[in-house]
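Summary of the model geometry
Single-letter residue listing:
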Amino acid sequence: KQATRDRLSDAMAEKELSAVVLRLRHSLSSCCKSIEGGEEETSGLLEELASFLDSISEAATSEPENEEARKNAVELLLEIQSFLVSSSTPNQAVVDALSFELPKAVSKFAGVSDRCLEIADSIIDWFVGRCNPRDMICILSEALDSLSTSSDPGYAAPLLTGLSKVFVSIKRHHFKQAKLAVPVVLNVLKVVSVELADRDAERVLLFNIALAMADSICVVSTKLDRGESEELQSLMGLFILQIMALVSASIPSEQSGCTPLVSEICKLLPRCGLTYLGLITESDVDAKISIVTKDKEDDIMTSFPDMRLGASLSVIWGDISNEIAEQAGENMSALKDKLQHNQVQRWEAIGMLKHIFSSVILPWDIKRHTVEFLLGITNGSFTPNCHNDEPITDCSIYMPSLFATAQVLADTPIPERIDILQALITNSDSSSMMWAIMFDSLSACCYSIQTAILLDLVRGELRKETLPKKSTNRGDEAGNHGSPTESAWTERILELVELVLRPPHGGQPSFPEHGEAVLAALNLYRFVLMKESAGKTNKTGVLFRKNLLRVCNEWLVPLRTIVSSTMADPENDPDEVAGMLNPIELVLYHCIELVEQNLSANPDSP
């Protein structure tokens, strides 16, 4: 009885399949006759054909375990393939009309099985070989644009492959055609990086197809005249930098050590005229932008919002893996050496790294590597020569660099910012910390100015959290959609203050060289102590009795002794010392007073 039931089921399935195939044949035949006869109902018949194919693909993809649905999908694709390649091949008018519907429709079968993907690729390849290349770019781009908003962007694989192949067939206006396709492809990849995060094989396949397209276009560019060749290479350069940002953001932290996909991207960098030095100093990026945006009314640049992030990441990946650097034809040791010797390029590099630090989508492991790279290009950096071996006392020449670094830290979330600050200070081999080396000063004044700016940034962040927030319906709704921001009020604030008032390499701050840094540290401590005390909170641990005693006995009292002795030293200029130390003395005594008040008010606190 079971065998009989199985035979009946198979017979019904075969009958159903036959009916589906017959309907497809009839639909294709009707479309061809209508197109050849120039009939008005052609558009409606093509839409019916597309709708019929969509119903079959949807049935197959919605039930992955339904073998009959998968079999139907394969048979229909084979029927379409057979119709197109048969001896009675339709005329060009029919081919052109069918090209508006069939490539998009068959691409939706790609997710059913590998066999369906193979046949869909073959069908789209057939159209690519028989239709006008410029028309096919528009058709495939429009199909990709609609699929990027579908429930499964994995369907895009055959369309991307077709787009990659069709560029080789274009005879002219390559740059113009590429600008039509690039925004659509990047939009698809952006969706893919999110929607296919748990389907690694499909995601990698689509990125690899996009990179193959970039490679094909670079090959074509070598055969063009110099002007259009530069335009095409520049466009592809920005294209792969944007892909680098998307790929890096979608790589899990545990896989951030090395990835073949990143290696493939870096392999294309030299083909687009991009070097690590030009990327990390932004000069190559600016040059490519200038070439691509000759048409001032063109909005192509909106397609590359993360190109500078991609440029910075390309270099960091090379620092993470020698294999990746070799693929880009780069030597990381030579690059770091150049940055250490050239002050301007070094600060341009630091300015570019802010794009990594400020990104909220990158895994922390990449940011950790970025900190290591930052330390590598600043540790032991060379300083400008001085006349007659006189120390530099005018730090105004360093202000652009100081503010560039301040911007890097300002754009970095609080936890990472504190990590970076601590790393910069505690990893120094110098007894005067690291800043005198890092910021190109032969004196400690630049350390003091830089540290003061960065501590003030932290204080500003704390102040923003204490300000009353305006409540509006729109604002409340917007706030509910984002992830909660991590508070800056943590115990690590005291660690930052301690780095200045009790340098990690021993000794005490010296005056007047470290005056700005000490004043900023005292102001930060006073601000935190006053706010925590007034609000009856203790998020930073500043009110713990053990911390109050430690701050008073180990930071403030020794500092008071140094300030007093410096002011009493007859060898110091009284006016200069007073101008520097009077503000410090005022804040210092206020801090001591606040500590004593809190110790008296809370004698039983831990």
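One structure accompanies this document, and this report is about it. (Residues numbered from 1 in each chain as written. Predicted model: local features only at pLDDT ≥ 70, side-chain atom pairs only at ≥ 80, totals over all residues. Heavy atoms only, no water.)

Some points on the overall build of the protein chain
The condition is simple: Helix numbers and strand numbers start at the N terminus; a helix is a DSSP run of H or I with at least 4 residues, a strand a run of E with at least 2. Relative accessibility thresholds used throughout: buried, under 20% of the residue-type maximum; exposed, over 50%; partly exposed, between the two (1.4 Å probe, protein chains only). When checking whether two residues touch, look at their non-hydrogen atoms; a contact exists if any pair is within 4.5 Å. Accessibility throughout is a Shrake-Rupley quantity obtained with a 1.4 Å probe, and a residue counts as covered only by protein chains that appear here.
Counting its regular elements, the protein chain contains 28 helices and zero strands. Burial statistics for the protein chain: of 606 residues in total, 50% are counted as buried. A fraction of 75% describes how many contacts in the protein chain between residues 6 or more apart in sequence connect residues 24 or more apart. Approximately 28,500 Å² of the protein chain is accessible, and the part contributed by carbon and sulfur atoms is 50%.

Digging into the packing of helix H18 (residues 343-357) against helix H19 (residues 364-378)
The criterion, for reference: Interaxial angles span 0 to 180 degrees and are taken between N-to-C directions of axes, which are lines fitted to C-alpha atoms, for helices over the stretch in contact. Any angle that is under 35 degrees is reported as roughly parallel, and any over 145 degrees as roughly antiparallel; angles of 65 to 115 degrees are reported as roughly perpendicular and all others as oblique. Residue polarity follows a fixed list, in which Ala, Val, Leu, Ile, Met, Phe, Trp, Tyr, Cys and Pro are nonpolar, Asp, Glu, Lys and Arg are charged, and the others, Gly among them, are polar.
Their axes nearest at 11 Å, the elements H18 and H19 cross at an angle of 170 degrees. When the axes of H18 and H19 are compared, the pair comes out roughly antiparallel. Touching Arg346, Ala349, Ile350, Leu353, Ile356 and Phe357 of H18 are Ile366, Lys367, Thr370, Val371, Phe373, Leu374, Ile377 and Thr378, all from H19. In terms of residue class, the contact of H18 with H19 is built from 10 nonpolar, two polar and two charged.

Digging into the environment of proline 270
Following the sequence through the fold, proline 270 ends up in the loop between helix H12 (260-268) and helix H13 (276-280). Residue classification places proline 270 among the partly exposed positions, given a relative accessible area of 43%.

With respect to unusual backbone geometry
Even without being glycine, glutamate 282 reaches a positive phi, approximately 75 degrees. Relative accessible area serves as the criterion here: at 22%, glutamate 282 is assigned to the partly exposed category.

A short note on helix H8 (residues 157-166)
Within H8, nine of the 10 residues are buried, leaving the element largely enclosed by the surrounding structure. Ala157, Pro158, Leu159, Leu160, Thr161, Gly162, Leu163, Ser164 and Val166 are the residues of H8 that are buried.

Digging into the side chain of lysine 367
Turning to its location among the elements, lysine 367 is positioned in helix H19. On the basis of relative accessible area, lysine 367 is assigned to the buried category, the value being 3%.

Quick notes on the nonpolar core
Defined as follows: By nonpolar core we mean a set of buried residues, namely Ala, Val, Leu, Ile, Met, Phe, Trp, Tyr and Cys, connected to one another through side-chain atoms within 4.5 Å.
Ranked by size, the top nonpolar core spans 133 residues in total, and within it Phe239 and Tyr276 carry the most contacts. Top contributing element to this core by residue count: helix H11 (residues 226-250), with 12 residues. The next biggest cluster of nonpolar side chains, apart from the first, holds 44 residues, and it includes Ala517, Met580, Ile584 and Val587.

With respect to the packing of helix H15 (residues 307-320) against helix H17 (residues 332-341)
Interaxial distance between H15 and H17 falls to 10 Å at its minimum, and their mutual angle equals 125 degrees. What the angle tells us is that H15 and H17 run oblique. Contacts between H15 and H17 involve Val315, Gly318 and Asp319 from the former and Met332, Leu335 and Lys336 from the latter.

A few points about the packing of aromatic side chains
Put simply, the rule is: Paired rings are identified among Phe, Tyr and Trp, the last through its six-membered ring, by centres lying within 6.5 Å, and are further divided according to the angle between planes into stacked (under 30 degrees), edge-to-face (over 60) and tilted (the rest).
Within the structure shown, the criterion is met by two aromatic pairs. Arranged with centres 5.2 Å apart and planes meeting at 90 degrees, the rings of tryptophan 126 and phenylalanine 127 form a pair that is edge-to-face. Judged by its relative accessible area of 8%, tryptophan 126 is buried. You can call phenylalanine 127 buried: its relative accessible area is 0%.

Focus on the environment of threonine 161
The cut-off we apply is this: Polar contact criterion, stated in full: a pair of N or O atoms within 3.5 Å, where within protein one must be able to donate a hydrogen and the other to accept it, and residues adjacent in sequence count only if both atoms are side-chain atoms.
Following the sequence through the fold, threonine 161 ends up in helix H8. Ignoring sequence-local partners within four residues, the contact set of threonine 161 consists of Asp121 and Ile209. Within the structure, the side chain of threonine 161 is placed 3.0 Å from the backbone oxygen of alanine 157, a separation counted as a polar contact.

Here we look at helix H27 (residues 545-568)
Defined as follows: One fewer than the residue count of a helix, multiplied by 1.5 Å, yields its expected span. Take the seven residues that end at a residue and the seven that start at it, fit an axis to each, and the angle between those axes is the bend at that residue.
Compared with an ideal rise of 1.5 Å per residue, which puts 24 residues at 34 Å, H27 spans 33 Å between its outermost C-alpha atoms and is within 8% of the ideal. Along its length, H27 reaches its greatest deviation from straightness, about 35 degrees, at cysteine 552. Those residues of H27 lying buried are Asn547, Leu548, Val551, Cys552, Trp555, Leu556, Leu559, Ile562, Val563 and Thr566. Next to the buried residues of H27 lie helix H25 (492-501), helix H26 (515-535) and helix H28 (574-601).

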